[in-house]
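Architecture and fold: a report
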Amino acid sequence: MANRWKGPLVRMDECRWRIPESYKPGMRVPGVIYADESLLEAIVRDQAPEQVANVACLPGIVGASLAMPDIHWGYGFPIGGVAATEIAAGGVISPGGVGYDINCGVRLIRTELQADEVRSRLRELVDALYRAVPTGVGSTGRLRLDANGLKQVLAKGAQWAVEQGFGWPEDVEYCEERGAMADADPEAVSSRALKRGSDQLGTMGSGNHFLELSLVEEIYDQRAAAAFGLEKGQLVIQIHTGSRGLGHQVCTDFLQVMGRAVRKYGIELPDRQLACAPLDSPEGRDYFGAMAAAANYAWANRQVLTHRVREALSQFFGTRAQRLGLELIYDVAHNIAKIEEHSVNGKRLRTCVHRKGATRSFGPGHPVLPEKYREVGQPVLVPGDMGTNSYVLAGTQKAMAETFGSTCHGAGRLLSRAAAKRSLRGSEVRRSLEREGIIVRAGSDAGIAEEAPDAYKDVTAVVEVTHRAGISRKVAKLRPMGVIKG
Amino acid sequence: MNPRVTIIEHTADVGIEVEAESVEELFEVAAAAMFGLMYPRLPDAPTEERLVRVEGEEPVELLVNWLNELLYLAEAEGLVFGRFEVRVVRDVALRARAWGVRAEDMDPPVREIKAATYHMLRLEKVPGGHVARIIFDL
């Protein structure tokens, strides 16, 4: 049902295309899309560029409405969209700029194991992890929390999990925001959202969420790889999930609140899904507090899952997790809004940066980065789709200057889920992956087809554009060995 | 107008277009279609019944709130609904009954729907009935 987008695109340089501010009434800044010619061809096949232009209409937006090369058509914001609003100038926060899966994100765990050491027992290892990690729609975990317990999770994030024994004290150091946004306001989270979150902590959920055992196949930047603790041939583990039903409910609740706020503050928008309120308003502050609380739930969730993975591997190999070197490399959020300072036209501004399907890419020297990474930039984790490579990148100064410290988040969907399922049968996808030596465990074959590699853009092409554009730098390529799909 | 549902494709998500003679029927058909996207075979011998009350500031918001209320009930209480009876009051409020079964008595769903969105949302009166379009976030 998607029509080809026919608006104007002006080439700025090798990897950037501008949608001029004059394209439609209401645009306050231009749109800028990061892509090469072949990715751009896929991008204009649907209305994602129109959404970039729509986001440029948000009150208080500064710089440009940005789109990363993995951009695809979302609702309201495009997936792969980045927008910063100036808080002091009435800049807005929009739940549509974060999405339903608040703080959907990725973490990467290193090991002291060589991939070759586990190859002969790979299937058993994947099965052991599958048993340890609850997956699928509405999956519930072993933890049951009452409202008070949950509010602790919402306030303290990954730190809560560590205090309960789910992890090591140093883990929080290697999460964005140290695994908890300080502005979280558990009281702004509805009782319905709490109810949905009460039994889902420590679960992966479904959709494109996954746990993956990967091999470090190639190193591009030796110095950064060494700082991250990565070397060729090593086995590493990725966890991709978010805030589950609690986050979905926070988004649903606040889209209603923001719908009313739009009328109250007289905000004109081209798309209702962009509903928003000034961050410095009761509605804006409440949403930010609730979103931050949901983000903290997601960090706690990935932390509990990390503990389950450590337990399972420790049992499988009959040794302590510490001896296996199962250290957290980093944990990134790719659906989130944050208050950050950025330079815009030579002025330092306090902004609300929305990253919807985009990853923070803070460069070397940034004070919020862990000491270990301060010279090379933050690790940026870019998962591929099931069966293709993932990448570890490093943040750059150029991202600080051009993209509010942001880069891509993944491969970007190419086929609709229905089209993917029609053209690809889950069982065939599974067999073809197994021929390549990749073991897949999933609740349903239909789910495998929806998330099959051919449904996505080539992650390598996406990453290459960010590397050439300089908004992140290639550090290592990971190749999947075993995938547990949510 | 006989009730009709068409599944529509969207790059990241999936949606439905629904036609029905009355608004009430349209809401019922939309709800069944939404659960049908998650569970290809809907429950036919319900063991659970829930009363649902929903409000919205305008009819389209009522439609979105109705579907999101059902998603909430389904997840919070572990239910799968398959049959609905809706009574719309003054365009902006509804009372309904929903029948279904416990989720553990069903095969696992083929996909998760996070929410009904406002994206490309449509609810209109047309000659002979009503039509609606809803895109779901998966």
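Refer to the structure printed above.
Read on for a plain summary of the structure. This structure is a prediction, so every number in the text was calculated from the model and none was measured.

Within chain A, the regular secondary structure consists of 15 helices and 19 strands. The C-alpha radius of gyration of chain A comes to 21 Å, within 12% of the 23 Å expected for a compact globule of 486 residues. Its C-alpha atoms give chain A principal-axis dimensions of roughly 65 × 50 × 45 Å. Looking at chain A as a whole, 68% of its 486 residues are labelled buried. Excluding contacts between residues fewer than 6 apart, the proportion of contacts in chain A whose partners are at least 24 apart in sequence is 77%. In the form shown here, chain A has an accessible surface area of approximately 16,100 Å², with 46% of it arising from carbon and sulfur atoms.

In this section: helix 9 (residues 244–264) of chain A. Residues and elements named next belong to chain A. With 21 residues, helix 9 extends 31 Å between its outermost C-alpha atoms, agreeing within 8% with the 30 Å of an ideal straight helix rising 1.5 Å per residue. A large share of helix 9 lies buried, amounting to 16 of its 21 residues. In the segment just after helix 9, Gly266 is the residue with positive phi, at about 60°.

Residues and elements named next belong to chain A. Taken N-terminus to C-terminus, the directions of helix 5 (residues 147–156) and helix 10 (residues 282–317) make an angle of 95°; their axes are 6 Å apart at the nearest point. In terms of axis orientation, helix 5 runs roughly perpendicular to helix 10. Note on element contacts: helix 10 touches helix 5 through Ala293, Asn296, Tyr297 and Ala300, opposite Leu150, Val153, Leu154 and Ala155. Per-class residue counts for the contact of helix 5 with helix 10 are 7 nonpolar, 1 polar and no charged.

Looking now at the packing of aromatic side chains. One pass over the full model with this rule turns up 12 aromatic pairs over all chains. Between Tyr330(A) and Tyr373(A) the ring centres are 5.9 Å apart and the planes differ by 85°, which places this aromatic pair in the edge-to-face class. Highlighted residues: Tyr330(A) in strand 11 (residues 328–333) and Tyr373(A) in the loop between strand 14 (359–360) and strand 15 (379–382), separated in sequence by 43 residues. The buried category is assigned to Tyr373(A), whose relative accessible area is 1%. When the ring centre of Tyr72(B) is taken as reference, the NZ or CZ atom of Arg192(A) above it lies at 4.1 Å. Directly above the ring of Tyr130(A) sits Arg441(A), whose terminal nitrogen or CZ lies 4.1 Å from the centroid.

On to the sheet that holds strand 12 (residues 335–344) of chain A, then. All names here are of chain A. Reading across the sheet, the 7 strands line up as 1-2-3-4-5-13-12 and stay open at both edges, with mixed pairing between neighbours. Two strands close off the open sheet at either side, each with one partner strand: strand 1 (10–13) and strand 12. Taking the axes of each pair of neighbouring strands and ignoring which way they run, one obtains an average angle of 30° across the sheet. Strands in contact with helix 2 (residues 48–55) are strand 2 (16–19), strand 3 (31–34), strand 4 (61–75) and strand 5 (77–86); relative to strand 4, the strand with the most contacts, it is inclined by about 155°.

Below, the discussion takes up the nonpolar core. Residues and elements named next belong to chain A. If you look at the biggest cluster of nonpolar residues, it comprises 159 residues, and the most contacted ones within it are Leu201, Leu211, Phe228, Leu230, Val250 and Met291. Broken down by element, this core gets its largest block of residues, 17 residues, from helix 10. Filtering out sequence-adjacent residues up to four positions away, Leu230 remains in contact with Val216, Ile219, Ala225, Val236, Ile329, Val392 and Ala476.

The next point concerns the packing of helix 4 (residues 122–132) of chain A against helix 10 of chain A. All names here are of chain A. Closest axis-to-axis distance for the helix 4/helix 10 pair is 9 Å, and the angle between their directions is 140°. Compared by their axis directions, helix 4 and helix 10 come out oblique. Note that helix 4 runs across helix 10; the crossing there is right-handed. Facing Glu124, Leu125, Ala128, Leu129 and Ala132 of helix 4, the residues of helix 10 in contact are Arg308, Val309, Ala312, Leu313, Phe316 and Phe317.

It is worth spelling out the pattern of salt bridges at this point. According to the stated counting rule, one finds 47 salt bridges over all chains in the structure shown. Ionic pairing is found between Arg110(A) and Glu327(A), a salt bridge with its closest N-O pair at 3.6 Å. Placement of the pair is Arg110(A) in strand 7 (residues 105–114) and Glu327(A) in the loop between helix 10 and strand 11, with a sequence separation of 217 residues. The partner of Arg260(A) in a salt bridge is Glu57(B), and the shortest N-O contact between them spans 4.0 Å. Of this pair, Arg260(A) sits in helix 9 while Glu57(B) sits in the loop between strand 3 (48–55) and helix 2 (59–77), placing the two residues on different chains. Here the salt bridges do not stand alone but share partners, grouping Asp13(A), Arg16(A), Lys398(A) and Glu402(A) into one network.

All names here are of chain A. Turning to its location among the elements, Gly80 is positioned in strand 5. Take Gly80: its relative accessible area is 0%, and that puts it in the buried class. Linking Gly80 and Phe210, residues 130 residues apart in sequence, is a C-alpha distance of 19 Å.

The next subject is the sheet that holds strand 3 of chain B. All names here are of chain B. Read across the open sheet, the 3 strands follow the order 3-5-4; overall the sheet is antiparallel. Edge positions in the open sheet fall to strand 3 and strand 4 (79–89), since each of these has one partner strand only. Direction aside, neighbouring strands of the sheet carry axes that sit 20° apart on average. Bridge count between strand 4 and strand 5 (residues 93–102): 10 bridges; the pairing is antiparallel. Looking across to strand 5, one finds that Val88 is bridged to Leu94. Along the sheet, helix 1 (residues 23–38) contacts strand 4 and strand 5; its crossing angle with strand 4, the most-contacted strand, is approximately 165°. Lying over the sheet, helix 2 contacts strand 3, strand 4 and strand 5, oriented at roughly 145° with respect to strand 3.

What counts and what doesn't
- Residues numbered from 1 in each chain as written.
- Chains lettered and ligands numbered in written order.
- Predicted model: local features only at pLDDT ≥ 70, side-chain atom pairs only at ≥ 80, totals over all residues.
- Heavy atoms only, no water.
- Helix = DSSP H or I, 4+ residues; strand = E, 2+ residues; numbered from the N terminus.
- Rg over C-alpha atoms; globule rule 2.2 N^0.38 Å.
- Buried < 20%, exposed > 50% of the residue type's maximum accessible area, 1.4 Å probe, protein only.
- Contact = heavy atoms within 4.5 Å.
- Areas by Shrake-Rupley, 256 points an atom, 1.4 Å probe, with all protein chains shown as cover.
- Expected span 1.5 Å × (residues − 1).
- Axes fitted to C-alpha atoms, helices over the stretch in contact; angles between N-to-C directions.
- Parallel < 35°, antiparallel > 145°, perpendicular 65-115°, else oblique.
- Nonpolar A, V, L, I, M, F, W, Y, C, P; charged D, E, K, R; others polar.
- Phe/Tyr/Trp six-rings, centres within 6.5 Å; stacked < 30°, edge-to-face > 60°.
- Lys NZ or Arg CZ within 6 Å of the ring centre and 35° of its normal.
- Pairing = 2+ DSSP bridges.
- Core = buried A, V, L, I, M, F, W, Y, C linked by side-chain atoms within 4.5 Å.
- Left-handed = near helix turned anticlockwise from the far one by under 90°.
- Salt bridge = Lys/Arg side-chain N within 4 Å of Asp/Glu carboxyl O.

Take it as geometry only, folks, not as evidence of what the structure does.
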